[in-house]
Amino acid sequence: MKSAVENLTPTRVKLNVEVSFEELKPSIAAAYKTIGTQVQVPGFRKGKVPNKLIDQRVGRGYVLETAINDGLNGWYQNAVVEAGISPLSRPEVEITEVPDPTSTDGELKFHVEIDIRPEIELPDYAGIAVEVEAVEATDEDTDKALDELRGRFGTLKADDRPAADGDFVTINISAKIDDVEVDSATDLSYQIGSGNMLDGLDEAATGLSAEEEAIFETKLAGGEHAGEDAQVTVKVTAVKTRELPEANDDFAQLASEFDTIAELREDLAKQAAESKVVEQGVEARDKVLDKLVEMIEVPVPESVITEQLEQHFRPENSHGEDHDTEEHRAEVKSNTERAFRNEIILDAVAEKEEIGVSQAELIDYIVSSAGQYGMEPNQFAQMLDSSGQVNMIVGEVRRRKALAAVLAKAVVKDTAGTDVDLTDFVSVASDEDEIDADTDADEVIEPTAVVDPGEVRI
């Protein structure tokens with residue numbers, strides 16, 4: 001088989017493929033065998049019909065067409081591997097020449113147009129300079145953390161007064177659209193100010209005492225009427241305040257492994273300081289990525305944008321009448337382009353830094369992600385495996401490590417001009433740390449180099 005690559009654009013190529021008749025013979029033999037099980041000829045069992053009789057019944061041309069159709073995808077995949085390209089789109093194939101059915105000579109010629117991952121040249125990204133906000137853990141941060149911990153052990157007590165911000169209320173709500181009730185619920189517990197139920201509920205419930213109600217307009221957040229305007233009535237049946245336990249040694253022993261409140265406060269202060277470092281690390285990481293992307297031109301295939309727009313604006317993904325707008329499409333397009341550029345650049349960094357992903361890292365990622373979806377880790381892992389998304393997850397973990405590698409080489413200062421030490425935030429394992437000498441090779445997972453673009457058929 002001969003193949004040649006013709007570059008159409010930086011992200012699109014044409015593969016010209018030639019298959020000799022000698023290379024076609026195995027596919028032709030397989031086609032005869034397949035067709036032989038489908039035709040019935042008196043005096044012959046299925047699968048035992050001679051080739052000449054098959055030619056008489058269905059025609060040599062049909063046999064040749066079947067052979068080409070069944071073998072085309074394999075020849076295409078071989079051409080992709082030989083060319084060393086990574087397809088991104090469904091292949092568009094055109095047969096330009098087929099052997100004469102009456103001859104035992106000739107060639108199959110076809111070409112395939114596909115979008116591919118663009119090749120980029122990485123600049124020297126060591127020493128990227130970014131500035132982050134100056135942060136310092138204070139006594140107020142420790143007090144806030146202590147109050148949050150006390151809140152977990154607090155008790156609710158009914159109070160005979162109007163509800164205020166932060167109070168817990170028991171409410172009944174009902175929603176109407178055009179004077180028709182479409183939803184209702186009773187005895188809901190809600191904290192005013194949390195904003196996690198309906199827009200406008202906080203304002204409506206504030207100031208209501210037990211057995212008082214208010215009406216407000218809002219958009220429904222769930223159910224079959226999600227996104228529709230509705231008139232909601234909220235009735236407060238109880239107002240409750242949270243009583244916090246006293247911050248003393250007894251509380252420290254109840255809520256932690258420490259014996260004294262002083263030891264607990266010291267630990268909370270340490271956690272607050274670590275949290276500030278994380279804040280700076282996240283800010284630095286995002287700014288380093290922004291600068292890295294600015295340094296590199298990455299062309300984005302039109303098919304990538306088209307596919308994402310089609311998927312996002314499918315009818316089943318609609319969230320109301322204003323979902324498909326010109327502004328929203330522009331936003332989705334911009335986000336898609338940015339995500340694609342990030343992926344291409346970080347994959348290139350991962351290759352340069354020779355970054356792999358260990359089984360332990362993959363498991364850690366799955367465990368942490370499962371919680372976000374409210375699933376057990378094993379259930380989440382099985383879902384990823386059955387849907388063929390494990391390789392995608394490996395790529396995501398690898399790109400995170402690649403970004404951490406760039407951040408580790410960055411120069412980070414805060415707004416006060418002080419060097420920021422992100423050693424604890426950046427954790428890029430060396431090959432020796434990632435896998436020790438006794439670890440089996442199959443415990444390291446590498447992402448597949450070529451994206452499966454699907455079968456080619458005629």
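From a predicted model like this one, the values you see are computed outputs, not experimental measurements. (Residues numbered from 1 in each chain as written. Predicted model: local features only at pLDDT ≥ 70, side-chain atom pairs only at ≥ 80, totals over all residues. Heavy atoms only, no water.)

Asks: How would you sum up the overall build of the chain? Please name residues and give values.
Replies: On a plain count of helices and strands, the chain comes out with 13 helices and 13 strands. Taken over C-alpha atoms, the radius of gyration comes to 32 Å for the chain, far larger than the 23 Å a tight globule of 458 residues would show. The principal-axis extents of the C-alpha atoms in the chain amount to approximately 95 × 60 × 45 Å. Out of the 458 residues belonging to the chain, those deemed buried represent 35%. Excluding contacts between residues fewer than 6 apart, the proportion of contacts in the chain whose partners are at least 24 apart in sequence is 67%. As displayed, the chain has an accessible area near 27,100 Å², and 45% of this comes from carbon and sulfur atoms. With 43 positive and 100 negative side-chain charges, the chain shows a spacing of 9 Å between the two charge centroids. (Helix = DSSP H or I, 4+ residues; strand = E, 2+ residues; numbered from the N terminus. Rg over C-alpha atoms; globule rule 2.2 N^0.38 Å. Buried < 20%, exposed > 50% of the residue type's maximum accessible area, 1.4 Å probe, protein only. Contact = heavy atoms within 4.5 Å. Areas by Shrake-Rupley, 256 points an atom, 1.4 Å probe, with all protein chains shown as cover. Lys, Arg positive; Asp, Glu negative; His and termini not counted. Charge placed at Lys NZ, Arg CZ, Asp CG, Glu CD.)

Asks: How would you sum up unusual backbone geometry? Please name residues and give values.
Replies: The general pattern is negative phi for most residues beyond glycine and trans for most peptide bonds. In this structure, aspartate 178 is a non-glycine residue whose phi angle is positive, near 55°. Summarising the element assignment, aspartate 178 is placed in the loop between strand 7 (168-177) and strand 8 (180-191). Although it is not a glycine, glutamate 211 adopts a positive phi angle of roughly 75°. Along the polypeptide, glutamate 211 turns up in the loop between helix 5 (201-205) and strand 9 (212-219).

Asks: Describe the environment of alanine 31, and please don't skip the residues or the numbers.
Replies: Relative to the helices and strands, alanine 31 resides in helix 1 (residues 21-36). For the pair alanine 31 and asparagine 69, spaced 38 residues apart in sequence, the C-alpha separation works out to 9.6 Å.

Asks: Mind laying out helix 3 (residues 60-83), listing which residues take part and the relevant values?
Replies: Along an α-helix, residues three or four apart share an orientation, since each turn contains 3.6 residues. Look at helix 3: 33 Å from first C-alpha to last across 24 residues, which is about the 34 Å you get at 1.5 Å a residue. The sharpest bend along helix 3 reaches about 40° and sits at glycine 71. (Expected span 1.5 Å × (residues − 1). Bend = angle between axes of the 7 residues up to and from the residue.)

Asks: Before we move on, could you go through the sheet that holds strand 3 (residues 92-97) and cite the residues and values that matter?
Replies: Taking strand neighbours across the sheet as the criterion, the four strands line up as 1-2-4-3 in an open arrangement whose pairing is antiparallel. Edge positions in the sheet fall to strand 1 (2-9) and strand 3, since each has one partner strand and no second. Adjacent strand axes in the sheet meet at a mean angle of 20°, parallel and antiparallel pairs treated alike. Relative to strand 2 (residues 12-20), strand 1 runs antiparallel, the two sharing seven bridges. Within strand 2, the position partnered with valine 5 by the bridge is leucine 15. Relative to strand 2, helix 1 is tilted by about 85°, and along the sheet it contacts strand 2 and strand 4 (107-115). (Pairing = 2+ DSSP bridges. Axes fitted to C-alpha atoms, helices over the stretch in contact; angles between N-to-C directions.)

Asks: Could you give an account of the UniProt feature "domain: Trigger factor ribosome-binding bacterial" (unreviewed entry) in the chain, naming the residues involved and the relevant values?
Replies: In the numbering used here, UniProt assigns the "domain: Trigger factor ribosome-binding bacterial" (unreviewed entry) feature to residues 1-149. Annotation note: span residues 1-149, helix share 40%, strand share 24%, distance between end C-alpha atoms 69 Å. (UniProt positions renumbered as here; feature names shortened; annotations may be inferred.)

Asks: Got a sec to walk through the packing of aromatic side chains? Specific residues and values, please.
Replies: Enumeration according to the criterion identifies two aromatic pairs in this entry. Geometrically, the ring pair formed by phenylalanine 153 and phenylalanine 251 is edge-to-face, given 5.8 Å between the ring centres and 90° between the ring planes. Placement of phenylalanine 153 in the loop between helix 4 (139-152) and strand 6 (155-158) and of phenylalanine 251 in helix 6 (residues 249-255) is noted, with a sequence separation of 98 residues between them. According to the relative accessible area criterion, phenylalanine 153 is partly exposed, its value standing at 33%. Exposure remark for phenylalanine 251: the relative accessible area of 3% places this residue in the buried category. Of note, arginine 329 hangs over the ring of phenylalanine 313, and the distance from its end group to the ring centre comes to 4.3 Å. (Phe/Tyr/Trp six-rings, centres within 6.5 Å; stacked < 30°, edge-to-face > 60°. Lys NZ or Arg CZ within 6 Å of the ring centre and 35° of its normal.)

Asks: Describe in detail a negative patch on the surface, supporting the description with residues and values.
Replies: A cluster of acidic residues, Asp178, Asp179, Glu181, Asp183, Glu224 and Glu228, forms a negative patch on the protein surface. Take glutamate 224: it is sitting in the loop between strand 9 and strand 10 (229-243). Using a relative accessible area of 74% as the deciding quantity, one classes glutamate 224 as exposed. (Patch = residues over 30% accessible without salt bridge, like charges linked within 9 Å, V, L, I, M, F, W, Y side chains within 5 Å. Salt bridge = Lys/Arg side-chain N within 4 Å of Asp/Glu carboxyl O.)

Asks: Can you explain the packing of helix 1 against helix 2 (residues 51-58)? Please cite residues and give values.
Replies: In a pair of packed helices, the angle between the axes and the distance between the axes together describe the arrangement. Following both chains from N to C, one finds helix 1 and helix 2 inclined at 70°, their axes separated by 10 Å at the closest point. By the angle class used here, helix 1 and helix 2 are roughly perpendicular. Here Tyr32, Ile35 and Gly36 of helix 1 lie close against helix 2, whose contacting residues are Asn51, Ile54, Asp55 and Val58. Across the contact of helix 1 with helix 2, the residue classes break down as four nonpolar, two polar and one charged. (Parallel < 35°, antiparallel > 145°, perpendicular 65-115°, else oblique. Nonpolar A, V, L, I, M, F, W, Y, C, P; charged D, E, K, R; others polar.)

Asks: Requested: an account of the environment of serine 174, with residues and values cited.
Replies: Following the sequence through the fold, serine 174 ends up in strand 7. The class of serine 174 is buried, set by a relative accessible area of 18%. Residues serine 174 and isoleucine 305 lie 131 residues apart in sequence; the distance between their C-alpha atoms is 42 Å. Those residues in contact with serine 174 that lie beyond four places of it in its chain are Glu181, Asp183, Ser184, Gln231, Val232 and Thr233.

Asks: Just give me the short version of the environment of asparagine 16, but keep the residues and values in it.
Replies: Along the chain, the position of asparagine 16 falls in strand 2. Sequence separation of asparagine 16 and alanine 137 is 121 residues, and the distance between their C-alpha atoms is 63 Å. Setting aside chain neighbours within four positions, we find asparagine 16 in contact with Lys2, Ser3, Ala4, Glu6, Phe110 and His111.

Asks: Give a description of the nonpolar core that names residues and reports values.
Replies: Ranked by size, the top nonpolar core spans 37 residues in total, and within it Leu292, Leu407 and Val412 carry the most contacts. Of all the secondary structure elements, the ones that give two or more residues to this core are strand 5 (129-132), helix 7 (261-295), helix 8 (302-312), helix 9 (326-353) and helix 12 (390-408). Sorting elements by how many residues they give to this core places helix 9 first, with eight residues. Discounting chain neighbours no more than four positions away, the residues touching leucine 292 are Tyr125, Ile128, Ile345, Leu346, Val349 and Val406. Among the nonpolar cores identified, the runner-up in size contains 29 residues, and Phe21, Val63, Leu64 and Ile114 belong to it. (Core = buried A, V, L, I, M, F, W, Y, C linked by side-chain atoms within 4.5 Å.)

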